[in-house]
Amino acid sequence: MSQAGTALCGGIDVGGTKIEAQLFGAGFAPLAKRRLPTSRGDFRDFMAVLAEQVEWIMAATPKAAPIGVALPGIVDPETGASTAANLPIGGRNVAAALRTRFGRDFAFLNDCSAFALSEARGGAGEGFETVLGLILGTGVAAGFCQRGAEAPGRLNRLAVEIGHVGISARALEGLNLPLIRCGCGRLGCYETYVAGPGLARLAEAGLGLRISGEELAAHPEGEAVLEIWADLAAEALDQARLLLDPQCVVLGGGLSRLPGVAERLAAALARRPLGDLRPPALRIATFGDASGGRGAAIHAGSLTP
């Protein structure tokens, strides 16, 4: 894609299948993007692809321009060691490896936190003091922003790992669903029911068909399965609401594109009243898949004097 202006900063969104680099101009206006497949090899192979994306941004931006990297999983704020599923970076310090290669620092942020930051700054969460960015895709997780910045003071700098909270007994009551072992090793995580593969499991249990969310929405008997999914997703959202009390929840990920998903979740959340609690505003992400790289660039820009 050709550039339509002067690139001032860059952001990189690291995912399990692709590493996307983006160039931004004034006001974080998008100028160009470039996707490369994530290496399925070892750490060296992974770093080679990431470094190639860094080089592409550096070639198009001024010297020492801010570059941010949105990385999935958990990064220990003291040691820099990563914990991530589906990436060959476990126990490795990605930031240190990039610093050694390029002789400069880069700004790192959890990918869910980057998503929330992007939507809080010019996206669907603009104008709200607190924004929860909830990603419903291959996995389930969220980021939390306060006053347009990553929420400060978190001991492990965790994103909101609501997908790995154990599902409540009241959520499963009457559904005759088994407890499922999650990829993280825990039993009965919300992710195993609410993420894309979880919705496929619900379809298999209810219809005898393991189909995608899009296929389910078009199926003549899919509505009942979608209602069960929405009820389970709303239970997870309710727990996040009780703990964080966000003014706005922005939905992202593949399942956020299901027809009427915000209205469906709002109705399910309304069935969980607690006193006179007002529900958060529910919005669909403005920047969609581009929010990770955009949020990483915003974060990097905020750290530049």
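For the structure itself, look to the data block above.
Let us look at the structure shown here. (Residues numbered from 1 in each chain as written. Predicted model: local features only at pLDDT ≥ 70, side-chain atom pairs only at ≥ 80, totals over all residues. Heavy atoms only, no water.)

## Quick word on helix 3 (residues 111-120)
Basically, it comes down to this: A simple rule labels every residue: compare its accessible area, found with a 1.4 Å probe on the protein chains alone, to the largest value its type can have, and call it buried under 20%, exposed over 50%, or partly exposed in between. Think of it this way: any DSSP run of H or I at least four residues long counts as a helix, any run of E at least two long counts as a strand, and we number them from the N terminus. Each polar contact in these results corresponds to two N or O atoms within 3.5 Å; when the atoms are within protein, one needs to be able to donate a hydrogen and the other to accept it, and residues that are neighboring in sequence are counted only if both atoms are side-chain atoms.
Burial of helix 3 is extensive: 10 of the 10 residues sit out of reach of the surface. The set of residues buried in helix 3 consists of D111, C112, S113, A114, F115, A116, L117, S118, E119 and A120. Between a side-chain oxygen at the N-terminus of helix 3 and the backbone nitrogen of C112 the separation is 2.7 Å; the capping residue is N110. Two residues or fewer past helix 3, G122 is found with a positive phi of approximately 95 degrees.

## Here we look at the sheet that holds strand 10 (residues 149-150)
The test is simple: Strand pairing is assigned whenever DSSP detects at least two bridges linking the two strands. The contact criterion used is simple: two residues touch if any of their non-hydrogen atoms lie within 4.5 Å. To obtain each axis, a line is fitted to C-alpha atoms, and for helices this fit is confined to the stretch in contact; angles are then taken between N-to-C directions over 0 to 180 degrees.
The strand order across the open sheet built from five strands is 10-9-8-11-12, with neighbouring strands paired in mixed fashion. Both outer strands of the open sheet, strand 10 and strand 12 (281-284), are each paired with one neighbouring strand and no more. Looking at chain direction, strand 11 (residues 248-252) and strand 12 are connected through four bridges and run parallel. When the bridges of strand 12 are listed, L251 appears paired with I284. Each of strand 8 (130-136), strand 11 and strand 12 touches helix 9 (residues 261-270); the most contacted strand, strand 12, lies at about 160 degrees to it.

## Digging into the pairing of strand 1 (residues 9-14)
The buried fraction of strand 1 amounts to six of the six residues, a majority that puts the element mostly inside the structure. Here strand 1 shows no split at all, with C9, G11 and D13 on one side and G10, I12 and V14 on the other all buried. Two elements, strand 1 and strand 2 (residues 18-24), share six bridges in a ladder whose sense is antiparallel. If you follow I12 over to strand 2, its bridge partner there is A21. Hairpin connection between strand 1 and strand 2: a loop of three residues separates the two successive antiparallel strands. Here strand 1 pairs with strand 4 (residues 67-71) via four bridges, running parallel. The residue of strand 4 that forms the bridge with G11 is G68.

## Here we look at the nonpolar core
Put simply, the rule is: Here, nonpolar core refers to any group of buried Ala, Val, Leu, Ile, Met, Phe, Trp, Tyr and Cys residues whose side-chain atoms link them within 4.5 Å.
If you look at the biggest cluster of nonpolar residues, it comprises 41 residues, and the most contacted ones within it are L134, L136, V194, W229, L232 and L265. Mapped by element, the contributors of at least two residues to this core are strand 8, strand 9 (140-146), helix 4 (169-172), helix 5 (191-194), helix 6 (196-207), helix 8 (222-244), strand 11 and helix 9. Top contributing element to this core by residue count: helix 8, with nine residues. The residues contacting V194, other than those within four sequence positions of it, are L136, V140, W229, L232, A233 and L255. Ranked by size, the runner-up nonpolar core spans 28 residues in total, among them M47, V54, L71 and F106.

## Some thoughts on the sheet that holds strand 4
Taken in spatial order, the five strands line up as 3-2-1-4-7 in an open sheet, and their pairing is mixed. Each having just a single partner strand, strand 3 (30-37) and strand 7 (107-110) make up the two edges of the open sheet. Adjacent strand axes in the sheet meet at a mean angle of 20 degrees, parallel and antiparallel pairs treated alike. Sheet contacts for helix 1 (residues 43-60): strand 1, strand 2, strand 3 and strand 4; angle to strand 2, the most-contacted strand, approximately 10 degrees.

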